[in-house]
Amino acid sequence: MTTDGPWLVVGLGNPGAQYASTRHNVGYLTLDVLASRGGATLTSHRSRTHTADVRLGIGPGGVPGPRVILARSDSYMNTSGGPISALATFHKIEPSRILVIHDDMDLPAQHLGTRDYARLRIGVGRPPGRMDPADYVLAPLPSKERPDWDVTFEQAADVVEDIVTKGFAPTQMALHTGS
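As a starting point, this report considers the structure included with it. No experiment lies behind these values; they were computed from the predicted model shown.

### Brief notes about the packing of helix 1 (residues 26-37) against helix 4 (residues 146-166)
Next up, step 1: Relative orientation of the contacting elements helix 1 and helix 4 amounts to 65°, with a least axis distance of 9 Å. Put simply, helix 1 runs roughly perpendicular to helix 4. Here helix 1 and helix 4 pass one another in a crossing that is right-handed. Of the residues in helix 4, those in contact with Val26, Leu29, Thr30, Val33, Leu34 and Arg37 of helix 1 are Arg146, Trp149, Phe153, Glu154, Ala156, Ala157, Asp158, Val160 and Glu161.
Next up, step 2: Class assignment for the residues of the contact of helix 1 with helix 4 results in 9 nonpolar, 1 polar and 5 charged.

Structure, rendered in structure tokens:
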């Protein structure tokens, strides 16, 4: 992994109020936490995305962490690959510095032309009984579960900060060993 240039952190989801608080939008919701931590607001970009340019985490000696472009596509999740690819090209970000956040019941869009990018999958559970998985992920999060989801989004944001400051492999090792 290179250590120069910005990171591109992409939160996948679907645009529109009807999807705002659904399991399918956990990528968007985690991105909102990261933008808040960076003191930024996502704004429209010509790549058909909304982006914010922030520094995340703390580097050695207490300096601000690395530059990160936070992004979400203005299109539905299954067509988000084109806009995200255009954004990566615009910023000259190589795939090894791209992190895609999405629900664990979905596959990220394939338009980057490679699978050499990191993914952070957020567990959203499984539909009860014979419920259609699409209906499950597109249903609003139950309000009684929202405090737990808020903790999940904060924890996911912590993992993103660790990935951009320490690297994917050390973060993965720490997550899987509990250290």
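### Remarks on the packing of aromatic side chains
By convention here, two paired aromatic rings are described through the distance between centres and the angle between planes.
Next up, step 1: Taken as a whole and assessed by the stated rule, the structure comprises 2 aromatic pairs.
Next up, step 2: Here Tyr19 and Tyr76 contribute two aromatic rings whose centre-to-centre distance is 5.9 Å and whose plane-to-plane angle is 90°, an arrangement assigned as edge-to-face. Remark: Tyr76 occurs in the loop between strand 4 (67-73) and helix 2 (81-91) and Tyr19 occurs in the loop between strand 1 (7-11) and helix 1; sequence separation between them is 57 residues.
Next up, step 3: Take Tyr76: its relative accessible area is 39%, and that puts it in the partly exposed class.
Next up, step 4: Of note, Arg23 hangs over the ring of Tyr136, and the distance from its end group to the ring centre comes to 4.1 Å.
Next up, step 5: Positioned above the aromatic ring of Tyr28 is the side chain of Arg72, whose terminal nitrogen or guanidinium carbon lies 4.7 Å from the ring centre.

### Some words on the pairing of strand 4
Next up, step 1: Strand 4 sits mainly inside the fold: 6 of its 7 residues count as buried.
Next up, step 2: For strand 1 and strand 4, the ladder comprises 4 bridges, and the chain directions are parallel. Residue pairing in the sheet places Val10 in a bridge with Ala71 of strand 4.
Next up, step 3: Alignment of strand 3 (residues 49-55) against strand 4, held across 7 bridges, turns out to be antiparallel. The residue bridging Ala52 from the neighbouring strand is Leu70, located in strand 4.

Cut-offs used in this document
- Residue indices follow the written sequence of each chain, beginning from 1 at its first position.
- pLDDT decides what is reported in this predicted model: residues at 70 or higher carry local features, side-chain atom pairs at 80 or more are listed and counted, and totals for whole chains, interfaces and linings draw on all residues regardless.
- Side-chain metrics in this entry use all non-hydrogen atoms of the structure; hydrogen atoms and water are not considered.
- For helices, the fitted axis covers only the stretch in contact; all axes are lines through C-alpha atoms, and the angles between them, taken along N-to-C directions, range from 0 to 180 degrees.
- Where helices and strands are cited, they refer to DSSP runs of H or I of at least four residues and of E of at least two residues respectively, numbered from the N terminus.
- Note that the term roughly parallel is reserved for angles under 35 degrees, roughly antiparallel for angles over 145, roughly perpendicular for angles of 65 to 115, and oblique for everything else.
- Here a crossing is called left-handed whenever its near helix is offset anticlockwise from the far helix by less than a right angle, and right-handed whenever the offset is clockwise.
- When checking whether two residues touch, look at their non-hydrogen atoms; a contact exists if any pair is within 4.5 Å.
- Residue type decides the class: Asp, Glu, Lys and Arg count as charged, Ala, Val, Leu, Ile, Met, Phe, Trp, Tyr, Cys and Pro as nonpolar, and the leftover types, Gly among them, as polar.
- Stacked, tilted and edge-to-face are the three classes assigned to paired rings of Phe, Tyr and Trp, where Trp is represented by its six-membered ring and a pair needs centres within 6.5 Å; plane angles under 30 degrees give stacked, over 60 edge-to-face, the rest tilted.
- Burial classification: accessible surface area is computed with a 1.4 Å probe over protein chains only, and a residue below 20% of its type maximum counts as buried, one above 50% as exposed, and the rest as partly exposed.
- Sitting over a ring, as applied to charges here, requires NZ of Lys or CZ of Arg to be within 6 Å of the ring centre and within 35 degrees of the ring normal.
- Strands were regarded as paired on the criterion that DSSP finds at least two bridges between them.

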